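Given next are the chains, with one letter for each unit.
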Amino acid sequence: MESNLLVLGISHHTAPVEIRERFSVSESRLYPALHHLAQSPGIEEAVLLSTCNRTEFILWCSDIDAASASVQGLLAGEFGLDAAQYNRFYRFTGSQALLHLFRVASSLDSLVVGEPQILAQVKAAWTKARQAGTTGRFLDRLFQKALSVSKHVRSETAIGEAPVSIPYAAVALARRLFSSLENRKVMLIGSGKMSELSARYLMSAGVGKVWVANRTYEHAETLARELACTAVRFEDRWPYLAEADIILSSTGCPHVIFGREDGERIHRMREGRPVFLIDIAVPRDIDPAVRDLSGFFLYDIDDLQQVVSSNLDGRLAAAADAEKMVEREAKSFARELDAERVVPTIVALRAHLEEIRQTELARFQSQATADAEATAAALDALTARIMDRVAGELARELKQTRKRPEQDELTAAVRHLFRLAQPKPVPVPEIEAEPAAAGIE
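It should be emphasised that the depicted structure is a prediction, and the values quoted were computed from it without experimental measurement.

A. Quick look at the overall build of the chain. Scanning the chain for helices and strands turns up 17 helices and ten strands. For the chain, the residues scored as buried account for 51% of the 441 residues in total. Taking the intrachain contacts of the chain between residues at least 6 apart in sequence as the baseline, contacts between residues at least 24 apart amount to 74%. Of the roughly 20,900 Å² of accessible surface on the chain, a fraction of 51% belongs to carbon and sulfur atoms.

Right, dumping it as structure tokens:
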């Protein structure tokens, strides 16, 4: 069975954050998961994209059903997947999977349509898969194209012009609660890109003091220097949490770091002053039970959608143009990919014919007389032309056959007739990875 594209995933379209967070793949679990997939039945190449709003397995398969079963086995064994949860996962194959990947990379499938972080996240996922050695000829070319399409969409449409992002939405929520953010005090938990972006928005809105805490104090110091604010040791965070008007948490911790008991502790220290908590981590940092405490206003990532919706009209109009562009690019690339599928067979055929030519030429030369040198040269040129004609005509026929079943039959027939071995992966030139923006869609 010839290889094909498969996407299996879960996203904000199919599951709330309390389900999505169960299948979020941390940095420490990413490479083991990729290696497991690459060695699983039905899978030839694999990329794993995990953001706050989606976890997707992008696979090039020799057997789609076997590959699906392999992913389900990984999810069940490592993430505790059950049948009810698996119903939340979507499955795209072939051209549908191709279009989906282009839409994801172009931010047409994001929680906030047009947000910029997803492009860096897709590129980072591909780069990590390449470092793990789980991509090859097909997924490398596919992701190169997806990133190119995304850049064209952003440059040729107005999809990214409106100032809408998750940090922007968080600041808008804070404004709703406090009316003015002038001189408000902010506590950041986590020192990643989302904390930095959120802090910059808040500071531009006029907040006063900003503190940043992180389990690795050096990371907190680095961000504090960039923002000209104050770093706090994680174990010393309690007085600052009690004093802050706004607490924004965005860590990569796999479990809750702020529970109801913690909320009750600082509630007593705050003496009734309200506090606004923004949890944009997946898995969540703050226990949802904190919402029950008097004066505590907690919003998680799913709540932010209600804030950004009013700013999406302009982007949605631009998204319609972007959708048409992505669909055209997907259809065109699908044809290229179908043609590309036969290239390894063509390369193998040319090598096989060249081996035949060299063998016959050596046999002729071994039997040649003293006057045969000129004849050998002429015969060499003649046989080369014959080989080029045979291989060239066959190559054109395979590439120009647009109907998939017919192309598969012809390709299989060529491999069988000439007893061609399975092609070895073609190395792809190394790329220089850009720094990935750690953020969310």
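B. Structural context of the pairing of strand 9 (residues 275-279). Counted residue by residue, strand 9 has five buried out of five residues, so it is predominantly covered. Of the two faces of strand 9, both are covered, the one formed by Val275, Leu277 and Asp279 as well as the one formed by Phe276 and Ile278. The sheet contact formed by strand 8 (residues 246-249) and strand 9 spans four bridges and is parallel. Within the sheet, the bridge partner assigned to Ile246 lies in strand 9 and is Phe276. On the question of chirality, the crossover connecting strand 8 to the parallel strand 9 by way of helix 12 (residues 260-270) is right-handed. As defined by bridge partners, strand 9 adjoins strand 10 (residues 296-300) across five bridges and the pair is classed as parallel. Residue pairing for strand 10: Val275 is matched across the bridge by Phe296.

C. Broad picture of the nonpolar core. The biggest cluster of nonpolar side chains holds 66 residues, and the ones touching the most others in it are Ile58, Leu59 and Phe102. In terms of residues, this core owes the most to one element, helix 14 (residues 313-340), which gives nine residues. Apart from the residues lying within four places of it in its own chain, the contact partners of Leu59 are Asn4, Leu5, Leu6, Ile43, Glu45, Ala46, Ala67, Val71 and Leu139. Membership of the second largest hydrophobic core comes to 36 residues, among which are Val17, Val171, Ala224 and Ile278.

D. Structural context of the sheet that holds strand 4 (residues 90-93). Strand order in the open sheet formed by four strands is 2-3-1-4, with antiparallel pairing between adjacent strands. Each edge of the open sheet is held by one strand with a lone partner, namely strand 2 (43-50) and strand 4. In this sheet, neighbouring strand axes are inclined to one another by 15° on average, regardless of whether the strands run parallel or antiparallel. When strand 1 (residues 4-11) meets strand 3 (residues 54-61), the two strands line up antiparallel, connected through eight bridges. Across the sheet, the residue bridging to Leu6 is Leu59, located in strand 3. Together, strand 2 and strand 3 form the strand contacts of helix 2 (residues 27-38), whose direction differs from that of strand 2 by roughly 155°. Helix-sheet contacts for helix 5 (residues 94-105) involve strand 1, strand 2, strand 3 and strand 4, and the interaxial angle to strand 4 is about 110°.

E. Expanded view of unusual backbone geometry. Of note, the bond from Val282 into Pro283 is cis; its omega dihedral lies within 30 degrees of zero at 0°. Here Pro283 lies in the loop between strand 9 and strand 10. Residues other than glycine seldom take positive phi values, yet Ser179 does so here, at roughly 65°. Phi at Glu271 is positive, roughly 55°, even though this residue is not glycine. Its place among the elements puts Glu271 in the loop between helix 12 and strand 9. On the basis of relative accessibility, which here comes to 72%, the residue Glu271 falls in the exposed class.

F. Spatial organisation of a nonpolar patch on the surface. On the surface, Leu382, Ile386 and Val390 cluster together to form a nonpolar patch covering roughly 240 Å² of accessible area. Mapped onto the fold, Val390 is located in helix 16 (residues 373-400).

G. View of the packing of helix 9 (residues 193-204) against helix 10 (residues 217-227). Across the interface, helix 9 lies against helix 10 with an axial gap of 11 Å and an inter-helix angle of 30°. When the interaxial angle is binned, helix 9 and helix 10 end up roughly parallel. Handedness of the helix 9/helix 10 crossing: right-handed. Across the interface between the two elements, Ser195, Glu196, Ala199, Arg200 and Met203 of helix 9 pack against Leu223, Glu226 and Leu227 of helix 10. Partitioned by chemical class, the residues of the contact of helix 9 with helix 10 number four nonpolar, one polar and three charged.

H. Summary view of the sheet that holds strand 6 (residues 210-214). Taken together, the six strands give an open sheet; going across it, the order is 7-6-5-8-9-10, and neighbouring strands pair in parallel fashion. In this open sheet, the two strands that pair with only one neighbour each are strand 7 (230-233) and strand 10. Here the strands of the sheet are splayed against their neighbours by 20° on average, with no regard to which way each runs.

I. Geometry of the packing of helix 8 (residues 166-178) against helix 9. Axis separation between helix 8 and helix 9 bottoms out at 9 Å; the angle between their running directions is 45°. In this view, helix 8 runs oblique relative to helix 9, as classed from their interaxial angle. When you trace helix 8 past helix 9, the crossing you get is right-handed. Contacts between helix 8 and helix 9 involve Ile166, Pro167, Tyr168 and Val171 on the former and, on the latter, Met194, Leu197, Ser198, Tyr201 and Leu202.

J. Region of the structure containing the pattern of salt bridges. Enumeration according to the criterion identifies 19 salt bridges in this entry. In this structure, Arg130 and Asp140 form a salt bridge, with 3.5 Å as the shortest nitrogen-oxygen distance. Residue Arg130 is found in helix 6 (residues 117-132), and its partner Asp140 is found in helix 7 (residues 137-156); the two are separated by ten residues along the sequence. With a shortest N-O distance of 3.8 Å, Lys193 and Glu196 are connected by a salt bridge. One end of the pair, Lys193, and the other, Glu196, are both in helix 9, three residues apart, so they sit about a helical turn from each other. Take Lys193: its relative accessible area is 31%, and that puts it in the partly exposed class. A single salt-bridge network, built from bridges that share partners, covers Glu21, Arg284, Arg291, Asp300 and Asp303.

Quick notes on the rules
Counting from 1, residues in each chain are numbered in the order their sequence is written. It should be noted that, the model being predicted, local features are given only for residues of pLDDT at least 70 and side-chain atom pairs only at 80 or more, the latter also being counted only at that level, while totals for whole chains, interfaces and linings use all residues. Side-chain metrics in this entry use all non-hydrogen atoms of the structure; hydrogen atoms and water are not considered. Only DSSP runs of H or I covering at least 4 residues are called helices, and only runs of E covering at least 2 are called strands; the numbering of each starts at the N terminus. Buried residues are those whose accessible area, probed at 1.4 Å on protein chains only, stays under 20% of the maximum for their type, while exposed residues exceed 50% and partly exposed ones sit between those limits. Contacts: residue pairs with any heavy atoms within 4.5 Å of one another. Each accessible area is a Shrake-Rupley estimate made with a 1.4 Å probe; only the visible protein chains count as cover when residues are assessed. For two strands to be treated as a pair, DSSP must find no fewer than two bridges joining them. Orient the strands so they point away from the viewer; a crossover is then right-handed if the path from the first strand over the helix to the second runs clockwise. Definition of nonpolar core: a set of buried residues of the types Ala, Val, Leu, Ile, Met, Phe, Trp, Tyr and Cys, connected through side-chain atoms within 4.5 Å. What counts as an axis is a line fitted to C-alpha atoms, over the stretch in contact for a helix, and the angles between N-to-C directions run from 0 to 180 degrees. Patches here are clusters of residues that have more than 30% relative accessible area and form no salt bridge, with a 9 Å joining cutoff for like charges and a 5 Å cutoff for nonpolar side chains (Val, Leu, Ile, Met, Phe, Trp, Tyr). By salt bridge we mean one thing: a side-chain nitrogen of Lys or Arg within 4 Å of a carboxyl oxygen of Asp or Glu. Relative orientations are named as follows: roughly parallel for angles under 35 degrees, roughly antiparallel for angles over 145 degrees, roughly perpendicular for angles from 65 to 115 degrees, and oblique for any other angle. In this scheme, a crossing is called left-handed if the near helix is turned counterclockwise away from the far one by less than a right angle; it is called right-handed if the turn is clockwise. Amino acids outside the nonpolar list (Ala, Val, Leu, Ile, Met, Phe, Trp, Tyr, Cys, Pro) and the charged list (Asp, Glu, Lys, Arg) are all regarded as polar, and Gly is one of them.

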